[in-house]
Structure formats: structure tokens, C-alpha cells
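So you can see what is in the structure, the chains are spelled out below.
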Amino acid sequence: VQTGTHDLPTAAAEALAAMRATAPLVQCLTNIVVAQWTANVLLAVGAAPAMVDNPREAGELAGVAGGVLVNLGTPYAETVEAMQLASAAANAAGRPWVLDPVGAGAMAWRTDVARTLLARTPPAIVRGNASEILALAGGSGGRGVDSAHTPQAAAGAARELAAEHGTVVAVSGAVDHLTDGTRLITVANGDVLLTKVTGVGCALGAMMAAFAAVCEDRLLAAVAATATLTVAAEQAAWTAPGPGSFAVGLLDRLASITPDDLRGAARVDVVG
Amino acid sequence: VQTGTHDLPTAAAEALAAMRATAPLVQCLTNIVVAQWTANVLLAVGAAPAMVDNPREAGELAGVAGGVLVNLGTPYAETVEAMQLASAAANAAGRPWVLDPVGAGAMAWRTDVARTLLARTPPAIVRGNASEILALAGGSGGRGVDSAHTPQAAAGAARELAAEHGTVVAVSGAVDHLTDGTRLITVANGDVLLTKVTGVGCALGAMMAAFAAVCEDRLLAAVAATATLTVAAEQAAWTAPGPGSFAVGLLDRLASITPDDLRGAARVDVVG
Amino acid sequence: VQTGTHDLPTAAAEALAAMRATAPLVQCLTNIVVAQWTANVLLAVGAAPAMVDNPREAGELAGVAGGVLVNLGTPYAETVEAMQLASAAANAAGRPWVLDPVGAGAMAWRTDVARTLLARTPPAIVRGNASEILALAGGSGGRGVDSAHTPQAAAGAARELAAEHGTVVAVSGAVDHLTDGTRLITVANGDVLLTKVTGVGCALGAMMAAFAAVCEDRLLAAVAATATLTVAAEQAAWTAPGPGSFAVGLLDRLASITPDDLRGAARVDVVG
């Protein structure tokens, strides 16, 4: 999928259709909190998840996966070793991998792990909240996994980080800001219930790895993943009485959302 | 929040309002089975979960968290080391931490880990089923994670355990029994469907850590958490055709339950 | 429960009734993706799960559990050691254990772990998809955790594998094929939504361990577990708008399905 002459919602819709047609294998090295949810999100949207995060196998699979997610939510000695091996193997094989630096800035070890991954084996996409992105860019972090900053406030730092490492940086929030160091794109879909379910951001990182498997343009991949998740979230929020029902409905909607739904509802703008 | 001149349901309602107003950061060192569920319960009820359970970061976060949960459901060498560091850091910083000795009495290692934590870095609250509390108090344990004893049968042992370690002990069951070694309080809400969803007790321990972040009176914190969970469970059980729907509805109800709902429905009694 | 003179659906129904009556303790050494889901499936169907997978305790519990599940979805150094200890302890104590070789054939380490377990401490039942069973039997594997082969194509290899190791082999798929090396039985229930929820196969392995705790005939245990899960899935699929709702409804149906439902709806055939 290439943006080419298409507008972004159309390109995102074509990316969704391509993923449904090809069901890319997405390897996830993620945390114990969201592993099931992430796998179910990937299955719903049309990808094939493989949650392989031990050092004996992580590099072996990353060399053949369509895309790889590395998420630092609950790092351990063994899984961090696996993440280093998987990111190196993905880069060596030309497979896109996504870094989700959960909690960067709030705790020292994972901040160091994230910065080392970024410097040694640059990812195709970095996805985080504003505090995490600011922390990777050298600023002060938040108090944990939630964000004390708005995506807009982190847009400048995101652009610099993207340019420095030759990657795409996606800053999640009420309005998502995504940049490849040159272009800056916003996605303005979503619902406040997204903040009441754990692992939505983590699942978005995994979806970016899935879309990157079918989109040469990694900024488009990140935009398409964001729009798909947040438009489906709007659909799910229509009828959900609370966060439990919303999470269930979001899986239903990720499975049923059509490329036409996405094209019609995505509020994507090029802002810089 | 202080009990003061208020009756207990009113004090519990005020504690719930205080948690919603302040969204305390609750660090959870818990098991792989219930990590997602626990985070979603905490988000629903108004707290901010951070599931940090590795030894490089656990103490760092525990020193600044509003409350800390240590749950022994699936202990590993690395996470047990993290638990020891987190409990010590929490006590050093004056932060309340909650011990949930899942399976104590049924397996030797975790029983020893739980007793060591209790002796070296006493928690603000211990929450378990009757078999687990009896095991910590020196009695014989159960056959696993479910309980072969009633809370009433463990009330005496709970009171002694609480007095010995200067902690609150909460014995979960059909009627919950909670004590600080002096007072003994029962909470008689809930539904049998609670026994058909994994991790309800584990989530209750996490809620106690959240309430302890906003209640100086730790017995009140444990009572308020228990009443909030079990009243929401009664609401959820009204319409649930089975345990899957019940778990979803429980999250919805934890998000929507008001302090007035809680004050009106909580069946809390001081029995000794 | 013995098949004896009964037809298989009747024998499966009696096995379900026996499990509900006795609530066997089922120890699960499983992966971080499906641990919660597996525990909830076991609770729904009437068993008592205990997710104990560390090497200090795994053998201790396996010697007294009704049945044991070993699932290789996310193996780590520590949990693989626990799996070896649990399988040995289960066999020494005469307790049935089930091997679920997730991803065998797709990655080298776990394939070796599965083959070693099979050779040194043969399980009562091996459950996998066609690619995994072919890989254990010496053939080429799939690309990950999903299967590139049909159960029918693996039936011959399954029969040889069962005969060689004195075990039952269950090949999951659109039509499940199960064999003890002599008899070959098919179960033709289910719904395509089962492929859109992570961990359904993993939960089926756990259900086989639960049924093996109440069925001397291990082929019947595997058939009864398969029929119970897939008939409940058909019931859940009637009303589910998507995979999120389907997973919730499946738990509801596993709790409500009666032995009579199972006897009436199970499409079980002896085909060889």
C-alpha cells in the first residue's frame, strides 16, 4: 500500500483491506497485563499474532514475521534479552518492528532499555503517550503509564526524535499526533472510554506492527492503525454502558469495521 | 478519610468519592492470571494502575506509589525478589502495601515467602480466603487457591494475626470478616457468581491498596474496598446470564457505582 | 466414567456430570496470553484451576492435582523447568497430564522441549493443531501458532504418535480428530468464531486435563472436552455479533450447558 495520489483516509482503508487479505504474522514481545487483549485485537482486525518473547526463539521468529512489537510494560531480564535479539533480527531481515516504551521516563531501567533499543536497532515506529515520547527525547517523564502531557505538547519533540533515528513517532492521546520527522499528521477519532481500559495503547502498537507488514510507508501504517482503532472505538462507545462492555464491543467492531467505514469516519489531517 | 462520627457505610462512600477525586497510583506486583483484570478493575473504580514487578524498578516505584499490592498467585524467583524490594521501599516511604498470600498453606515456597514478608516488612493489610489466613496464622492450609474454610471459622486466627503484626486482616468469603486485631467487622454483600470468575479476590486486594491510598484508617480502607466490590457485584448479577457476562458487567458497575449507591446497599456490621 | 456399553455422546454427558459433581483440581502450567481465559473456562465448566508454574512448587502440586496441563505457548527457562518437574511428578503419582505443544515445528527450542517431554514423561493426552502434531511426529511445522494443515491430513501421523508413546493424540480443527493409536474418533461441532479468539485451543487442552481427572478412558476424556467446548461454542455463536461477545458468551454457555444439551448436540463419530 502506498499513499501515492490517494487521500489519507482512502489509503488507510486500502491498508486495512490489504491486512485482511494477507493476515500478516505479527510477533509480540509484550507485557503480562495485555498479552491476551493484544492477541485478540490482532485476531479481530485480521492479523495473525504470535506472542513469542523468550531469548531462545525471539530472534528466530522475528526474522520471518511480517511485523514485530516490542512493548516494555513488564520487562524482565529474560524478556529484555529477547527484545534485543528480536529487534536486531527484524532489522537484519528488513522486517518492521515497533517500539512501545511503556513507562519510559517514570522508571530508570526501562528508560535505558528503550533508549538503547532506539540507538542500536532503530525501530520502524515508536508509539507512546506524550510523557513517554518526551522522556525518550530527553525531557522529564510522567508518574507511570499514564500521561501528564498532551500529544500536541510533544509534537515538536516527536518530530526531532523521528528525524534523529529515521523512524516514525506516534504520540497517542485525545488527538493522536504522528510524524516521520518531516510530515506531521493528526488523527482526531476516539472516545474517553479508551482511557478506562488497560492496554488500548499497547494494542495500538501491535496494530501498527500489523499495518507496517502491509504498508511500505510506515507513517501511513501508523496512521491507518490509529484510525482503525479509534473509529472502531467510536462505534463501540455508542452502545457501551461502561468500560467492560466497551472492551468487548471494541473487539466486535475491530472485526466488523469495513474499509468504507474507515474511509468515511477517519478524521485525519496533515498539519505540518 | 476518617471514620470519626460517621457510620461505616457513609465513611466507605466518602472513601470511594475520595478515590475518584484523586485517582491514586497503585503499583501491582501480581500474577500472570489476573494482571489485566486487576488493572481494569482499578481503572473502572477510579484508580491508576501500574503493574511494575521486576526487581530493578519495583522499589523505585513503591516509594512514590499511593499504594502497593503484592500478590503471590504465580511467584517466580525474579518477581519474589521484586516483592521483597517493593514491600521494603513502601514501608520505608510510609506507603501502605497489601499482601495477598494466594495459595498459602497449599504450597510450601509461597507460604514461606508470605510469612517472611509478614515478619520483615509488615503490610498495612493482609487479604486472603479463610484457608490462606489460617495457614499464615500457623494452621493447616487448603488444597490450592480456593478455600476449604469459612471466614467465620478464621475470624479468631485473623484477629490474632492482625494484633501480632500490627496489620489489618481481611478474610474473604460469603460474608467477609475484617479485623485490625481489636475491632471485627463483617461485610455481607456479594453474589455466588463471584466464585465463578478468576481473580475477584486478587482484584479486591488491589482495590484495598487503592483505598488505603486515600484512607488513613486501614480497616476502613479494607471495608470500603470490600463493600464497593461486592455491592457492584450484586448490581452486575441482576442481569448476568453467566460468569462471562458477569465479569464484564462487574467492570461496568465498578465504573458507575456512586457513593450513594454504596452507602445505601452496603451491609456492614461491627460484630466485635 | 467408562464408555462401556454407552454411545459416545452419552458417555461424554456422563463425564460432564461427573466433573460438575467433583470439581477436580486442575494445575495449569500455561502461557501468559491465555492464563486468565483458561482459568475462567475451567471455572465455568465446573473444575477448580490452580495456575502453578514455578519450579519450586510445580511438582509438589502435580502430585496431588486431579489433572495437569503443560502448555508451551510462552516458555521461559524457569517455567520449562517447572513443566519437566510437574510432568514427572504427575506420572510418578499416576495423575493424568496433558501436553499442548503450542508452536511446535515453528520454533526450534519448544519443539525440542515438547519432544523431550513426550519421550521422558509421556502425557495422557497430547492436544495440538495439525501442524503441531505433524511436527511432533517428525514432519515439517507451520509458520507459528496457527495451522497450515487440516486435522484429517494429520490423522495418520497422530495415530502413529499415539501408538508410539502410549498416549491419546487430539488434533484440533474444523473437524477434530482424536485417537489412542487404535480408535480414531471425529468431533464435528464448533464455529468459525473459535478461530478469532486467542486461547481457545489452549483452554481445550486444560479442559482435557479436567475431564481426564474424572475419566479413566483418556480418549473419552479428550472427546468429552472437545464436544463440550465446541457445542457450547455453537450455542454462543447464535447470538454473538463478533469475537469479543463470542468469548464472553462462550464462558456463559460453558457454565450453563447441561449433560443433556451435550448428548443431544455432540456430533461424535468413530471413523476408524
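These numbers were taken from a predicted model, which means no experiment stands behind them.

A closer look at the overall build of chain A
Link 1 in the chain: For chain A, the count of helices and strands is 11 helices and 9 strands.
Link 2 in the chain: For 272 residues, the compact-globule estimate of 2.2 N^0.38 gives 19 Å, and the C-alpha radius of gyration of chain A, at 16 Å, lies within 12% of that figure.
Link 3 in the chain: Across its three principal directions, the C-alpha atoms of chain A cover 40 × 40 × 35 Å.
Link 4 in the chain: Of all intrachain contacts in chain A linking residues separated by at least 6 positions in sequence, the fraction that spans at least 24 positions is 69%.
Link 5 in the chain: The centroid of the 15 positive side-chain charges in chain A is displaced by 2 Å from the centroid of its 23 negative side-chain charges.

Details of the interface of chain C and chain A
Link 1 in the chain: Taken together, the contact pairs 27 residues of chain C with 26 residues of chain A.
Link 2 in the chain: Both faces combined, the contact of chain C with chain A buries some 2,200 Å², and carbon together with sulfur accounts for 58% of it.
Link 3 in the chain: At the surface where chain C touches chain A, the tally comes to 9 residue pairs in polar contact (both at pLDDT 80 or more).
Link 4 in the chain: Elements supplying a minimum of two residues to the side of chain C that touches chain A: α2 (35–45), α5 (108–120) and α10 (243–256) of chain C.
Link 5 in the chain: Residue contributions to the side of chain C that touches chain A peak at 4 residues, all from α10(C).
Link 6 in the chain: Here the side of chain C that touches chain A is built from residues that sort into 15 nonpolar, 8 polar and 4 charged.

Some points on the side chain of Thr186(A)
Link 1 in the chain: By the element assignment, Thr186(A) lies in strand β8 (residues 184–187).
Link 2 in the chain: Thr186(A) has contacts with Val175(A), Asp176(A), His177(A), Arg267(A), Val268(A), Asp269(A) and Val271(A), leaving out every residue within four places of it along the chain.

Considering the packing of helix α8 (residues 200–212) of chain B against helix α9 (residues 218–237) of chain B
Residues and elements named next belong to chain B.
Link 1 in the chain: At a closest axis distance of 8 Å, the pairing of α8 and α9 adopts a crossing angle of 135 degrees. When the axes of α8 and α9 are compared, the pair comes out oblique. When you trace α8 past α9, the crossing you get is right-handed. Contacts between α8 and α9 pair Val200, Leu204, Met207, Met208, Phe211 and Ala212 from the former with Ala221, Ala222, Ala224, Ala225, Thr226, Thr228 and Leu229 from the latter.
Link 2 in the chain: Taken together, the residues that form the contact of α8 with α9 break down as 11 nonpolar, 2 polar and no charged.

Section: the interface of chain C and chain B
Link 1 in the chain: On the chain B side, the residues contacting the 27 residues of chain C number 27 residues.
Link 2 in the chain: When the two sides are added together, the surface that chain C and chain B hide from each other amounts to roughly 2,200 Å², 58% of it contributed by carbon and sulfur.
Link 3 in the chain: At the junction of chain C and chain B, the tally comes to 1 salt bridge.
Link 4 in the chain: The salt bridge involving Glu57(C) is made with Arg110(B); its shortest N-O contact spans 2.7 Å.
Link 5 in the chain: For the interface between chain C and chain B, the tally reads 9 residue pairs in polar contact (both at pLDDT 80 or more).

A look at helix α10 (residues 243–256) of chain A
All names here are of chain A.
Link 1 in the chain: Taking 1.5 Å of rise per residue, the 14 residues of α10 would be expected to cover 20 Å, and the 20 Å separating its terminal C-alpha atoms lies within 8% of that figure.
Link 2 in the chain: Taking burial as the measure, the 14 residues of α10 include 11 buried ones, the bulk of the element.
Link 3 in the chain: Those residues of α10 that sit buried are Pro243, Gly244, Ser245, Phe246, Ala247, Val248, Gly249, Leu250, Leu251, Asp252 and Leu254.

Re the relation of the copies chain C and chain B
Link 1 in the chain: For these two chains of identical sequence, chain C goes onto chain B by a turn of 120 degrees and a shift of 0.0 Å along the axis, with RMSD 0.0 Å. These values place the two chain copies in the arrangement generated by a three-fold rotation axis. Judged by C-alpha distance, Ile32(C) is the residue of chain C that lies nearest the rotation axis, at 3.4 Å.
Link 2 in the chain: Each copy contacts the other with its own distinct surface, as only 11% of the interface residues of chain C are interface residues in chain B too.

Here's the deal with the sheet that holds strand β6 (residues 168–172) of chain A
Residues and elements named next belong to chain A.
Link 1 in the chain: Ordered in space as β2-β1-β3-β4-β5-β6-β7-β8-β9, the 9 strands form an open sheet in which the pairing is mixed. In the strand order of this sheet, the two ends are held by β2 (48–50) and β9 (268–270), each with one partner. Looking at each pair of strands side by side, their axes are set apart by 20 degrees on average, direction ignored.
Link 2 in the chain: Sheet topology places β8 next to β9; 3 bridges connect them, and they run antiparallel. Looking at the pairing, Ile185 lines up with Val270 of β9.

Considerations on the nonpolar core
Link 1 in the chain: Membership of the largest hydrophobic core comes to 214 residues, with the highest contact counts inside it found for Phe246(A), Leu250(A), Phe246(B), Leu250(B), Phe246(C) and Leu250(C).
Link 2 in the chain: For Phe246(B), the residues in contact, after removing those within four places along its chain, are Leu193(B), Leu194(B), Val197(B), Ala233(B), Ala236(B), Ala237(B) and Ala240(B).

Description of helix α1 (residues 8–22) of chain B
Residues and elements named next belong to chain B.
Link 1 in the chain: If you check α1, its first and last C-alpha atoms are 21 Å apart, about what 15 residues at 1.5 Å a residue would give, namely 21 Å.
Link 2 in the chain: Listed in full, the buried residues belonging to α1 are Leu8, Pro9, Thr10, Ala11, Ala12, Ala13, Ala15, Leu16 and Met19.
Link 3 in the chain: Here the buried face of α1 lies against α2 (35–45), β8 (184–187), α8, α9, α11 (259–265) and β9 (268–270).
Link 4 in the chain: Remark: Ala23 follows α1 within two positions and exhibits a positive phi of approximately 45 degrees.

Examining the packing of aromatic side chains
Link 1 in the chain: Following the criterion strictly, the structure yields 0 aromatic pairs over all chains and no others.
Link 2 in the chain: It is Arg56(B) that lies over the ring of Trp109(A); its NZ or CZ is 4.4 Å from the centre.

A few points about the state of the cysteines
Link 1 in the chain: Enumeration over the complete set of coordinates arrives at 0 disulfides over all chains.
Link 2 in the chain: Of the cysteine sulfurs around Cys202(A), a residue in no disulfide, the closest is that of Cys28(A), at 10 Å.
Link 3 in the chain: Residue Cys202(A) is classed as buried on the basis of its relative accessible area, which comes to 10%.
Link 4 in the chain: Of all cysteine sulfurs in the structure, the one in Cys28(C) sits closest to Cys215(C), which takes part in no disulfide; the separation is 17 Å.

Considerations on the relation of the copies chain C and chain A
Link 1 in the chain: Laying chain C over chain A is done by rotating through 120 degrees and shifting 0.0 Å along the axis; what remains is an RMSD of 0.0 Å.
Link 2 in the chain: A low fraction, 11%, of the interface residues of chain C reappear at the interface in chain A, so the copies pair through non-equivalent surfaces.

Overview of the pairing of strand β7 (residues 176–179) of chain B
Residue and element names in this part refer to chain B.
Link 1 in the chain: Side-chain alternation along β7 places Asp176 and Leu178 on one buried face and His177 and Thr179 on a second face that is also buried.
Link 2 in the chain: Of the strand pairs in this sheet, strand β6 (residues 168–172) and β7 are connected by 3 bridges, and their pairing is antiparallel. Following the sheet pairing, Val171 is matched in β7 by His177.
Link 3 in the chain: In this antiparallel pair of consecutive strands, β6 and β7, the connection spans 3 residues.
Link 4 in the chain: Two elements, β7 and β8, share 4 bridges in a ladder whose sense is antiparallel. Within the sheet, the bridge partner assigned to Thr179 lies in β8 and is Leu184.
Link 5 in the chain: Counted along the chain from β7 to the antiparallel partner β8, the turn is 4 residues long, and its residue Gly181 has a positive phi close to 100 degrees.

Considerations on unusual backbone geometry
Residues and elements named next belong to chain A.
Link 1 in the chain: Notably, Ala23 is not glycine yet its phi reads approximately 45 degrees, a positive angle.
Link 2 in the chain: Here Ala23 shows up in the loop between α1 (8–22) and β1 (25–29).
Link 3 in the chain: Owing to a relative accessible area of 25%, Ala23 belongs among the partly exposed residues under this scheme.

Quick look at the side chain of Asn31(A)
Residues and elements named next belong to chain A.
Link 1 in the chain: Looking at where Asn31 falls in the secondary structure, it is placed in the loop between β1 and α2 (35–45).
Link 2 in the chain: Separated by 2.9 Å, the side chains of Asn31 and Asn71 make a polar contact.
Link 3 in the chain: In this structure, Asn31 is in contact with Asn71, Gly73, Thr74 and Cys202, ignoring residues within four places of it in sequence.

Section: the environment of Ala213(A)
Residue and element names in this part refer to chain A.
Link 1 in the chain: Checked against the element boundaries, Ala213 lands in the loop between α8 (200–212) and α9 (218–237).
Link 2 in the chain: Judged by its relative accessible area of 30%, Ala213 falls in the partly exposed class.
Link 3 in the chain: As a C-alpha pair, Ala213 and Thr22 span 191 residues in sequence and 9.5 Å in three-dimensional space.
Link 4 in the chain: Beyond its immediate chain neighbours, meaning those up to four positions away, Ala213 contacts Pro24, Gly66, Gly67 and Pro96.

Focus on the confidence of the model for chain A
Link 1 in the chain: Here chain A averages 95 in pLDDT, and 94% of its residues register 70 or above.
Link 2 in the chain: Predicted complex metrics record ipTM = 0.95 and pTM = 0.96.

Thresholds, definitions, all that
- Residues numbered from 1 in each chain as written.
- Chains lettered and ligands numbered in written order.
- Predicted model: local features only at pLDDT ≥ 70, side-chain atom pairs only at ≥ 80, totals over all residues.
- Heavy atoms only, no water.
- Helix = DSSP H or I, 4+ residues; strand = E, 2+ residues; numbered from the N terminus.
- Rg over C-alpha atoms; globule rule 2.2 N^0.38 Å.
- Contact = heavy atoms within 4.5 Å.
- Lys, Arg positive; Asp, Glu negative; His and termini not counted.
- Charge placed at Lys NZ, Arg CZ, Asp CG, Glu CD.
- Buried area = accessible area lost by both parts, 1.4 Å probe.
- Polar contact = N/O pair within 3.5 Å; in protein donor to acceptor, adjacent residues only side chain to side chain.
- Nonpolar A, V, L, I, M, F, W, Y, C, P; charged D, E, K, R; others polar.
- Axes fitted to C-alpha atoms, helices over the stretch in contact; angles between N-to-C directions.
- Parallel < 35°, antiparallel > 145°, perpendicular 65-115°, else oblique.
- Left-handed = near helix turned anticlockwise from the far one by under 90°.
- Salt bridge = Lys/Arg side-chain N within 4 Å of Asp/Glu carboxyl O.
- Expected span 1.5 Å × (residues − 1).
- Buried < 20%, exposed > 50% of the residue type's maximum accessible area, 1.4 Å probe, protein only.
- Least-squares fit on C-alpha atoms with pLDDT ≥ 70 in both.
- Pairing = 2+ DSSP bridges.
- Core = buried A, V, L, I, M, F, W, Y, C linked by side-chain atoms within 4.5 Å.
- Phe/Tyr/Trp six-rings, centres within 6.5 Å; stacked < 30°, edge-to-face > 60°.
- Lys NZ or Arg CZ within 6 Å of the ring centre and 35° of its normal.
- Disulfide = S-S within 2.5 Å.
- pLDDT = per-residue confidence, 0-100.

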